[in-house]
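The residues making up each chain are set out below.
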Amino acid sequence: MSKPDKNNTYSHDLPARQLDPELQAARDEKIKVAMIGLCGCWGCTLSLLDMDEALLGLLDKVTILRSSLTDIKRIRERCAIGFVEGGVANEENIETLKEFRENCDILISVGACAVWGGVPAMRNEAELTDCLKEAYVASVTAVPDAIPTIPYHEDIPRITTKVYPCHEVVRMDYFIPGCPPDGATILKVLDDLINGREFDLPASINRYD
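Quick summary incoming for the structure in this document.

Here is what the cut-offs are and how they apply
Residues numbered from 1 in each chain as written. Predicted model: local features only at pLDDT ≥ 70, side-chain atom pairs only at ≥ 80, totals over all residues. Heavy atoms only, no water. Core = buried A, V, L, I, M, F, W, Y, C linked by side-chain atoms within 4.5 Å. Buried < 20%, exposed > 50% of the residue type's maximum accessible area, 1.4 Å probe, protein only. Helix = DSSP H or I, 4+ residues; strand = E, 2+ residues; numbered from the N terminus. Contact = heavy atoms within 4.5 Å. Phe/Tyr/Trp six-rings, centres within 6.5 Å; stacked < 30°, edge-to-face > 60°. 1 Å grid on protein atoms, 1.4 Å probe; cavity = no way out; pocket = protein on both sides within 12 Å on 5 of 7 lines; lining within 4 Å. Points joined across faces, edges and corners; volume = space filled by probe spheres on them. Nonpolar A, V, L, I, M, F, W, Y, C, P; charged D, E, K, R; others polar. Pairing = 2+ DSSP bridges.

1. Section: the nonpolar core
Okay, step 1: Core analysis: the biggest nonpolar cluster contains 20 residues, and Ile 81, Phe 83, Ile 108 and Leu 190 have the highest contact counts within it.
Okay, step 2: Counting only elements with at least two residues in this core, the list comes to strand E1 (31-37), helix H2 (43-49), strand E3 (79-85), strand E5 (104-110) and helix H6 (183-194).
Okay, step 3: Considering each element in turn, this core owes the most residues, six residues, to H6.
Okay, step 4: Residues in contact with Phe 83, not counting those within four places in the same chain, are Val 33, Ala 34, Met 35, Ile 36, Phe 100, Ile 108, Val 110, Ile 176, Ile 186, Val 189 and Leu 190.

2. Points about the packing of aromatic side chains
Okay, step 1: All chains considered together, the criterion is met by one aromatic pair.
Okay, step 2: Ring centres of Tyr 174 and Phe 199 lie 4.3 Å apart, and the angle between their planes is 5°; on these two criteria the pair is classed as stacked. Here Phe 199 lies in the segment after H6 and Tyr 174 lies in strand E7 (residues 174-176), a separation of 25 residues in the sequence.
Okay, step 3: What makes Tyr 174 partly exposed here is its relative accessible area of 26%.

3. Overview of empty space enclosed by the protein
Okay, step 1: Inspection of every chain in the model, using the stated rule, returns one cavity of 30 Å³ or more.
Okay, step 2: Gly 37, Leu 38, Cys 39, Gly 40, Cys 41, Trp 42, Glu 85 and Gly 86 are the residues that line the largest cavity.
Okay, step 3: Of the residues that constitute the lining of the largest cavity, the class distribution is four nonpolar, three polar and one charged.

4. Topic: the pairing of E3
Okay, step 1: Extensive coverage of E3 is indicated by the burial of six of its seven residues.
Okay, step 2: As judged from the five bridges shared by E1 and E3, these two strands associate in the parallel manner. Directly across from Met 35, in E3, lies its bridge partner Phe 83.
Okay, step 3: In terms of strand pairing, E3 meets E5 through six bridges, oriented parallel. Its bridge partner lying in E5, Phe 83 is registered against Ile 108.

Any functional reading would require information beyond the geometric quantities listed.
Now the structure itself:
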């Protein structure tokens, strides 16, 4: 595999036709929200979609700059609220989370993986070398007579020795537990914050399905 050209231009970096000034002004007045996914299963992103039409009632107040459903690699402007799903399992996750922290006023851990590491953190009970050996060298699904090889390439993010919850890497402001949390729970948090209410999550709406 050839090394990617660092001078590549992504589609969202290309020139685009300017928005109508009135539309741009209206968008600029809204509260900017973004969401990223690290090491997780996307269950929390699906919960975000589970807000369904209830989210429409907030769109006159918020604009979503980045979500796990887009191909935007980074935030191009500062956000008021950032949601993070997934834990930190490699060096790219660390870089992404730190960049997100620098560009979000409020940063929220969403779901078990972001809050405490979740299922991926089960590998913390063993040495990383043992995990890689089990997965690639001594795996029961290994191809017979194949030379056992642990993948390594400079373009592949280096795996960290353990999986970290987000707050062990950067400061997090709030936590939404659950695996995954219900869409209504995320909606309540967003609605409270954009309307200046205190962050409050009754235990009755937490989910651990």
